Amino acid sequence: MNILKRYIVWLRRMSHSRGFGVQSPSAYRFIRYVLCEHYPYYGYDELRHKHPSLPWLVRKRMELYFRIANYRQASRMLSNGTDTPLLASYVGRACQRTHVDDRQDADIDTVEIARVCAVDGCEAYVEHLLSHTDSHTILIVEDIAQNPMAQRIWQGLLHNPKVSVCYDLYWVGVAFFDIDRFKTCYIVNF
């Protein structure tokens with residue numbers, strides 16, 4: 001990615017940094033201590049040595065998935081991406097009980113955490129996931145600002161009545177399904 005574009009995106013979203021303007025205490029806590037946490041976690045150094053040549057955006061996303069897995073403490077994370085071994089390395093270091101499953105036809109009782117990458121068949125995969133959500137589900141969609149298929153999926157989630165709180169991080173979108181909360185979408189400078 002062009003470094004100039006990276007800074008332009010950051011400058012355009014500067015007023016949405018670190019939870020500024022967020023009134024909900026739980027949303028502020030999630031933005032401040034999970035999405036935008038800048039302090040190094042316990043496994044970052046080890047993972048940087050294990051995967052030294054990752055591009056900055058891939059590393060940034062993987063560290064985000066690390067923090068989300070640490071926050072949620074799920075037993076299983078679903079993913080339809082091609083980089084599942086890398087994801088399993090980061091998520092497994094964050095929460096040892098979280099198993100990463102890349103089978104799209106996996107038996108699902110309830111989705112705990114799911115990551116959706118814009119690949120062939122992902123729209124049907126999202127529909128399958130949506131039928132197995134509960135109030136603790138976290139759904140992550142990659143490339144919501146650059147991939148047209150991911151944009152369609154993200155817009156569909158924003159209008160889905162099951163989705164309560166969502167976070168637009170430009171590079172990824174994070175959706176929660178807790179229907180006891182008011183429907184809100186936060187823009188976050190990630």
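Note that this is a predicted model, so its numbers are computed, not measured.

Peer 1: Mind laying out unusual backbone geometry, listing which residues take part and the relevant values?
Peer 2: Positive phi outside glycine occurs at Gln73, with the angle close to 55°. If you trace the backbone, Gln73 turns up in the loop between helix H4 (56-72) and strand E1 (76-79). We classify Gln73 as partly exposed; its relative accessible area is 33%. One non-glycine residue, Asp143, lies in positive phi territory at about 60°. Topologically, Asp143 is positioned in the loop between strand E4 (138-142) and helix H7 (148-158). In this structure Asp143 comes out as partly exposed when scored by relative accessible area, which is 24%.

Peer 1: Could you give an account of H7, naming the residues involved and the relevant values?
Peer 2: Residues of H7 that are buried include every one of Ala150, Ile153, Trp154, Leu157 and Leu158, and no others. All buried residues of H7 lie within an arc of 140° about the axis, which places them on one face of the element. Buried residues belonging to H7 abut strand E3 (113-116), helix H6 (122-130), E4, strand E5 (165-168), strand E6 (172-176) and strand E7 (184-187). Sitting at the amino-terminal end of H7 is Asn147, which places a side-chain oxygen 2.8 Å from the backbone nitrogen of Met149.

Peer 1: Go over the sheet that holds strand E2 (residues 99-101), please, and point to the residues and values.
Peer 2: Whether parallel or antiparallel, the strands of a sheet pair through hydrogen bonds between backbone atoms. Ordered in space as E2-E1-E3-E4-E6-E5-E7, the seven strands form an open sheet in which the pairing is mixed. Edge positions in the open sheet fall to E2 and E7, since each of these has one partner strand only. Here the average twist between neighbouring strands, direction ignored, is 15°. Running over the sheet, H7 touches E3, E4, E5, E6 and E7 and is turned about 150° from E4.

Peer 1: Can you break down the nonpolar core residue by residue, with the values?
Peer 2: Counting 39 residues, the largest nonpolar core has Leu35, Ile68, Ile140, Tyr167, Leu169 and Val174 as the members making the most contacts within it. Among the secondary structure elements, those contributing two or more residues to this core are helix H2 (25-35), helix H3 (44-50), H4, helix H5 (84-94), E4, E5 and E6. The leading source of residues in this core is H4, at seven residues. If we ignore the near neighbours within four places in the chain, the residues touching Ile140 are Tyr65, Ile68, Met77, Ile113, Ala114, Arg115, Val116, Val172, Gly173 and Val174. Membership of the second largest hydrophobic core comes to 22 residues, among which are Leu78, Ile144, Leu157 and Cys166.

What counts and what doesn't
- Residues numbered from 1 in each chain as written.
- Predicted model: local features only at pLDDT ≥ 70, side-chain atom pairs only at ≥ 80, totals over all residues.
- Heavy atoms only, no water.
- Helix = DSSP H or I, 4+ residues; strand = E, 2+ residues; numbered from the N terminus.
- Buried < 20%, exposed > 50% of the residue type's maximum accessible area, 1.4 Å probe, protein only.
- Arc of directions from axis to C-beta.
- Contact = heavy atoms within 4.5 Å.
- Polar contact = N/O pair within 3.5 Å; in protein donor to acceptor, adjacent residues only side chain to side chain.
- Pairing = 2+ DSSP bridges.
- Axes fitted to C-alpha atoms, helices over the stretch in contact; angles between N-to-C directions.
- Core = buried A, V, L, I, M, F, W, Y, C linked by side-chain atoms within 4.5 Å.

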